[in-house]
Amino acid sequence: MSQAAAVNRWRTPALAAQWLYVAATLGLTAYILLPGLNEGTALTALRSLLAALVGAWWAVLFGRYLLGQGTPETDGTLRSLRVFFPWLTALRLSLWLLGLLSLSGAAAEVNAVALTALQTLSFGYIFAKNAVYGTLARYATDPANALGRRRLGEWLNVAAPLALAIGVINTVPLGGPGGGGRVRGQRR
């Protein structure tokens, strides 16, 4: 199978997954705001809403890129992505750091291995996602550039398993004790 045929085969599922991510992120924003807007939900809702917007812009540019259509430098979607994705990354890193600092007091109650895995995967996900968005923003004007295609493919291959791992961590509870070796509900 040729490379062009392989790209064509995965184009629709990749774009469908990206638009599903955008819809799910908008749903998450609504869910966060359900109890009302306060200082605890405002920052998280802002991050979620910004992630949905950047994800939508990325999906539009990625769709053009996969079709081999260059995006002009003056395109509003490309300029918006270039302006907002660094802000989204900074916000994600800030929230990650705040989460790391807030967990220092709870370390005795949380499994250290699970906590380390969660924080490491979260940081890796933020870094890889930033690299994917940045690579597309850099090479969106010239989809025929072989170096750009290779770099984007490499970063997508790094980001995909990290996204899957984050999805698993967000759905499967990583509980357990920190030092006692006792599982919740188990008697000594």
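Everything that follows concerns the structure shown earlier in this document.
In this report, we go over the structure that sits alongside the text. Predicted model, so just to flag it, every value in this text is computed and none were measured.

**Observations concerning the packing of aromatic side chains**
For the coordinates displayed, the defined rule picks out six aromatic pairs. Geometrically, the ring pair formed by Trp58 and Phe62 is stacked, given 4.5 Å between the ring centres and 20° between the ring planes. You can see Trp58 and its partner Phe62 sitting in helix α2 (residues 39–66), four residues apart, about one turn around the helix. Of the two residues examined, Trp58 and Phe62, each falls in the buried class. Through a chain of ring-to-ring contacts, three or more aromatic side chains come together here, namely Trp58, Phe62, Phe85 and Tyr133. Stacked on the ring of Tyr21, the Lys or Arg Lys129 has its end atom at 4.2 Å from the ring centre.

**Describing the nonpolar core**
Core analysis: the largest hydrophobic core is formed by 25 residues, its most contacted members being Val54, Trp58, Phe62, Leu81 and Leu136. At eight residues, the largest contribution of residues to this core is made by α2. When near neighbours in sequence (up to four residues on either side) are disregarded, Phe62 contacts Ala14, Leu15, Leu136, Leu152 and Leu156.

**A closer look at the side chain of Thr71**
Along the chain, Thr71 falls in the loop between α2 and α3 (76–103). The residues contacting Thr71, other than those within four sequence positions of it, are Leu61, Arg64, Leu78, Ala140 and Thr141.

**Some points on the pattern of salt bridges**
Tallying each qualifying case throughout the model produces three salt bridges. With its nearest N and O atoms 2.5 Å apart, the salt bridge here joins Glu73 to Arg82. For Glu73, a relative accessible area of 45% gives the class partly exposed. The exposure class of Arg82 is partly exposed, given its relative accessible area of 28%.

**Considering the packing of α2 against helix α5 (residues 146–171)**
Pairs of packed helices are described in terms of their axes, by the angle between the two and the distance that separates them. Close contact between α2 and α5 brings their axes to 13 Å; oriented N to C, the two are set at 130°. The angle between α2 and α5 falls in the class oblique. The two elements α2 and α5 cross, and the hand of that crossing is left-handed. Across from Trp58, Phe62 and Tyr65 in α2, the residues of α5 making contact are Gly148, Arg149, Leu152 and Leu156. Of the residues assigned to the contact of α2 with α5, the class counts are five nonpolar, one polar and one charged.

Reading the values: rules and limits
- Residues numbered from 1 in each chain as written.
- Predicted model: local features only at pLDDT ≥ 70, side-chain atom pairs only at ≥ 80, totals over all residues.
- Heavy atoms only, no water.
- Phe/Tyr/Trp six-rings, centres within 6.5 Å; stacked < 30°, edge-to-face > 60°.
- Helix = DSSP H or I, 4+ residues; strand = E, 2+ residues; numbered from the N terminus.
- Buried < 20%, exposed > 50% of the residue type's maximum accessible area, 1.4 Å probe, protein only.
- Lys NZ or Arg CZ within 6 Å of the ring centre and 35° of its normal.
- Core = buried A, V, L, I, M, F, W, Y, C linked by side-chain atoms within 4.5 Å.
- Contact = heavy atoms within 4.5 Å.
- Salt bridge = Lys/Arg side-chain N within 4 Å of Asp/Glu carboxyl O.
- Axes fitted to C-alpha atoms, helices over the stretch in contact; angles between N-to-C directions.
- Parallel < 35°, antiparallel > 145°, perpendicular 65-115°, else oblique.
- Left-handed = near helix turned anticlockwise from the far one by under 90°.
- Nonpolar A, V, L, I, M, F, W, Y, C, P; charged D, E, K, R; others polar.

By themselves these figures say nothing about function.
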